[in-house]
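Notes for the structure review
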Amino acid sequence: DVKVTQSSRYLVKRTGEKVFLECVQDMDHENMFWYRQDPGLGLRLIYFSYDVKMKEKGDIPEGYSVSREKKERFSLILESASTNQTSMYLCGSGAGGYTFGSGTRLTVV
Amino acid sequence: GENVEQHPSTLSVQEGDSAVIKCTYSDSASNYFPWYKQELGKGPQLIIDIRSNVGEKKDQRIAVTLNKTAKHFSLHITETQPEDSAVYFCAARAPSGSARQLTFGSGTQLTVLP
């Protein structure tokens, strides 16, 4: 089975901190994604990557950046965390039906 | 871009009854429609999907129907069990553009009452 692993289940960070969320997949997928999940809003795409060092903005990229130096790893970076970035972050990979990680619940205080 | 609307936002059914969740999409070119189940504390998990060249697909107690003319698709769960309680998301993908084109609905909280 495809496995997508997110490094942290829960994080608490302070406003203004630089935050790194890490994601690793083990099935050699070219496509990887970062979504944000908020109640009533479903899953919103932040960034995706279709190859190493390749990335494209999703629907809500403001305040975020990404890094993909290796095929299996896709990192989401919050340059300067703000309270409105408190959310559940989901990493996924695949081309058809995505496989998601368990999520990272980030709280910015 | 694609827009997916999902209804209802919450749904409660008695154990053994059927549950139906409906989604509409806006891009007539969309050709792939997956459904995800998200249990508490977990990421969404693909449970069934359908492509635009078929109208219905079944997998044990779950089925998905697609009406391309009306641009809507539905998830049907029969003989519901307490373990079916979860948040369900529909999604749609257009063939054009890059791999990003999977747009999700806002989710349905299904509660199966024992």
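A brief report on the enclosed structure follows.

What counts as what
Residues numbered from 1 in each chain as written. Chains lettered and ligands numbered in written order. Predicted model: local features only at pLDDT ≥ 70, side-chain atom pairs only at ≥ 80, totals over all residues. Heavy atoms only, no water. 1 Å grid on protein atoms, 1.4 Å probe; cavity = no way out; pocket = protein on both sides within 12 Å on 5 of 7 lines; lining within 4 Å. Points joined across faces, edges and corners; volume = space filled by probe spheres on them. Helix = DSSP H or I, 4+ residues; strand = E, 2+ residues; numbered from the N terminus. Contact = heavy atoms within 4.5 Å. Buried area = accessible area lost by both parts, 1.4 Å probe. Salt bridge = Lys/Arg side-chain N within 4 Å of Asp/Glu carboxyl O. Polar contact = N/O pair within 3.5 Å; in protein donor to acceptor, adjacent residues only side chain to side chain. Phe/Tyr/Trp six-rings, centres within 6.5 Å; stacked < 30°, edge-to-face > 60°. Buried < 20%, exposed > 50% of the residue type's maximum accessible area, 1.4 Å probe, protein only. Core = buried A, V, L, I, M, F, W, Y, C linked by side-chain atoms within 4.5 Å.

**Looking at the layout of surface pockets**
Of the volumes computed, that of the largest pocket is approximately 560 Å³. Residue assignment for the lining of the largest pocket shows that the elements contributing at least two residues are strand 4 (32-38) and strand 9 (87-93) of chain A together with strand 9 (86-93) and strand 11 (108-113) of chain B. Counting residues per element, the lining of the largest pocket draws most heavily on strand 9 of chain B, at three residues. There is about 390 Å³ of room inside the second largest pocket. For the second largest pocket, the lining is made up of 18 residues, of which Phe 100 of chain A together with Lys 42, Gly 43, Pro 44 and Gln 45 of chain B are closest to its centre. Where the lining of the second largest pocket is concerned, the elements lending two or more residues are strand 10 (99-100) of chain A together with strand 4 (32-38) and strand 5 (45-51) of chain B.

**Section: the interface of chain A and chain B**
At the interface, 23 residues of chain A touch 17 residues of chain B. Taken together, both faces of the contact between chain A and chain B bury some 1500 Å²; the carbon and sulfur share is 53%. Interface area lost by chain A to chain B is led by Leu 43, Tyr 98 and Phe 100 of chain A, which between them contribute 29%. Connecting chain A to chain B are zero salt bridges. Put simply, chain A and chain B have four residue pairs in polar contact (both at pLDDT 80 or more) between them. Mapped by element, the contributors of at least two residues to the side of chain A that touches chain B are strand 4, strand 5 (42-51) and strand 6 (54-57) of chain A. With four residues, the top contributor of residues to the side of chain A that touches chain B is strand 5 of chain A.

**Quick notes on the packing of aromatic side chains**
Taken as a whole and assessed by the stated rule, the structure comprises 16 aromatic pairs over all chains. Between Phe 33 of chain A and Tyr 35 of chain A, the aromatic rings sit 6.3 Å apart at their centres with planes inclined by 40°, giving tilted as the arrangement. The class for Phe 33 of chain A is buried, based on a relative accessible area of 0%. Using a relative accessible area of 1% as the deciding quantity, one classes Tyr 35 of chain A as buried. Between the aromatic rings of Phe 100 of chain A and Phe 104 of chain B, the centroid separation amounts to 6.0 Å while the plane-to-plane angle is 65°, which identifies the pairing as edge-to-face. Placement of the pair is Phe 100 of chain A in strand 10 and Phe 104 of chain B in strand 10 (residues 102-104), with the two residues belonging to separate chains.

**Things to note about the nonpolar core**
Core analysis: the largest hydrophobic core is formed by 23 residues, its most contacted members being Trp 35, Phe 73 and Leu 110 of chain B. For this core, the elements supplying multiple residues, two or more each, are strand 2 (10-14), strand 3 (19-25), strand 4, strand 5, strand 7 (62-67), strand 8 (72-77), strand 9 and strand 11 of chain B. Ignoring any residue separated from it by four or fewer positions in sequence, one finds Phe 73 of chain B in contact with Ile 21, Lys 22, Cys 23, Tyr 25, Phe 33, Trp 35, Thr 65, Leu 66, Cys 90 and Ala 91 of chain B. If you look at the next biggest cluster of nonpolar residues, it comprises 20 residues, including Trp 34, Ile 60, Leu 76 and Ala 81 of chain A.

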